[in-house]
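Structural overview
Next come the chains, spelled out residue by residue.
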Amino acid sequence: MSATRYTYLGPEGTFTEAALRTLPEAATRELVPMVSVPAALDAVRGGEAAGALVPIENSVEGGVTATLDELAKGDPLMIYREVVLPIAFALLVRPGTALKDIKTVTGHPVAQPQVRNWLGTHLPDALWESAASNADGARLVQEGRYDAAFAGEFAAATYALEPLVTEIHDAANAETRFVLVGRPARPAAPTGADKTSVVIWLGDDHPGALLELLQEFAVRGVNLMRIESRPTGQGIGNYCFSVDAEGHITDRRVGEALMGLKRICPQVRFLGSYPRAGVALEDVRAVRPGTSDGAFSAASDWLARCQDGRF
């Protein structure tokens, strides 16, 4: 395995590359752009890279389905950390292009909902076609295939383009969350401000099936930060659930919730416990009474005394 190589969703100039470069270790790694999320993750599975940074969630559009689906299938992978990047788009054009000259625009499909209102106001007659990534859209503009691309302003220099308009976003404070994924290993020690990600498969379709899954978290005081259903590919109505929960797998409440899920589900895939991006320890909400590690230990000791007749 190449311990000095990280892959990411390319080509050069993507928001994913910008997010990757915020990691201190990126300065000492070879950063290799890949044509797709599956290609970036397969490089890790195949030992060609030690890690891959890929987008997983957008505050406007929701989950990045290519990443969610890829993490749920194939050889297991594990999330080691996350990066949250503010997102604003620039309209990149070839030098000399005016707004009135733009008839075709491109960008990543996830970008479209974030600029739809701006596009409808300023370029209502422009034809949108999706690109593999925002940076790939910029490359296509450079090649003359489209008149403009929505991408990060930082991509302009890479593709010899000009930012005609900057700071484009329909929703203020839009963000995208990226995850650094590697091969499975022991999770890092808990920090007190952690997140645990899993994929859960339902055993069978019956009334209350999803509620049963949620109760495993609820009765132990584990807060869910995200839950999304994804088709398993095994027919209409067959779904798995991608879940982010507060806490670390070594926290008793989280570990016991995962054990409860393992008892009632045909498959549970652990995706990692890792520090939450941008969250200080003092900002973490207190756990509910009765769900701390100390409370679980006290209850376990009480049960042992009852079993020994020492109650």
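The residue numbering used here restarts from 1 in each chain and proceeds along that chain's sequence as written. Selection of residues for local features in this predicted model requires a pLDDT of at least 70, selection of side-chain atom pairs for listing and counting requires 80 or more, and totals for whole chains, interfaces and linings are taken over all residues. Water and hydrogen atoms were dropped before computing side-chain values, which therefore reflect all heavy atoms in the structure.

The protein chain appears in an unreviewed UniProt entry as Prephenate dehydratase from Streptomyces lutosisoli. UniProt positions are given in the numbering used here, feature names are shortened, and annotations may be inferred rather than shown by experiment. The heading Catalytic activity (unreviewed entry) in the UniProt record of the protein chain holds the text "prephenate + H(+) = 3-phenylpyruvate + CO2 + H2O". According to UniProt, the comment filed for the protein chain under the heading Pathway (unreviewed entry) is "Amino-acid biosynthesis; L-phenylalanine biosynthesis; phenylpyruvate from prephenate: step 1/1."

Quick look at empty space enclosed by the protein
Using a grid of 1 Å spacing that covers the protein atoms alone, one calls a set of points a cavity when a 1.4 Å probe fits there but cannot get out, and a pocket when the set is open and has protein on both sides within 12 Å along at least five of seven lines; lining residues are those with an atom within 4 Å of a point. Grid points are joined across faces, edges and corners, and a volume is the space filled by probe spheres set on the points. This structure, assessed with the given rule, holds one cavity of 30 Å³ or more. The computed volume of the largest cavity comes to approximately 40 Å³. Together, I56, L68, L71, I79, S197, V199, R226, S242, D244 and L271 line the largest cavity. Counting residues per element, the ones that place at least two in the lining of the largest cavity are helix 3 (65–72), strand 12 (194–201) and strand 14 (239–246). Think of it as three bins: nonpolar holds Ala, Val, Leu, Ile, Met, Phe, Trp, Tyr, Cys and Pro, charged holds Asp, Glu, Lys and Arg, and polar takes everything else, Gly as well. Of the residues in the lining of the largest cavity, the class split is six nonpolar, two polar and two charged. The numbering of helices and of strands both runs from the N terminus, where a helix is a DSSP run of H or I of at least 4 residues and a strand a run of E of at least 2.

Overview of the sheet that holds strand 10 (residues 162–168)
By this definition, two strands are paired if DSSP reports at least two bridges between them. The five strands lie next to each other as 8-7-9-6-10, forming an open sheet whose pairing is mixed. Of all strands in the sheet, those bounded by a partner on one side alone are strand 8 (127–130) and strand 10. Ignoring strand direction, the axes of neighbouring strands in this sheet form an average angle of 25°. Two strands pair when backbone bridges link them, and strand 7 (residues 104–107) and strand 9 (residues 148–151) are joined in this way by two bridges, in the parallel orientation. Across the sheet, the residue bridging to V105 is A148, located in strand 9. All axes here are fitted lines through C-alpha atoms, helices being fitted over the stretch that makes contact, and every angle between N-to-C directions spans 0 to 180 degrees.

Looking at the side chain of S197
Here S197 is to be found in strand 12. At a separation of 2.6 Å, a polar atom in the side chain of S197 contacts the side chain of D244. Other than its neighbours up to four places away in sequence, S197 contacts I79, V243, D244, R269, F270, L271, G272 and Y274. Polar contacts, as counted here, are pairs of nitrogen or oxygen atoms within 3.5 Å of one another; within protein the pair requires one atom able to donate a hydrogen and one able to accept it, and residues that are adjacent in sequence qualify only if both atoms are side-chain atoms. Between two residues, a contact is recorded if the distance between any of their heavy atoms is within 4.5 Å.

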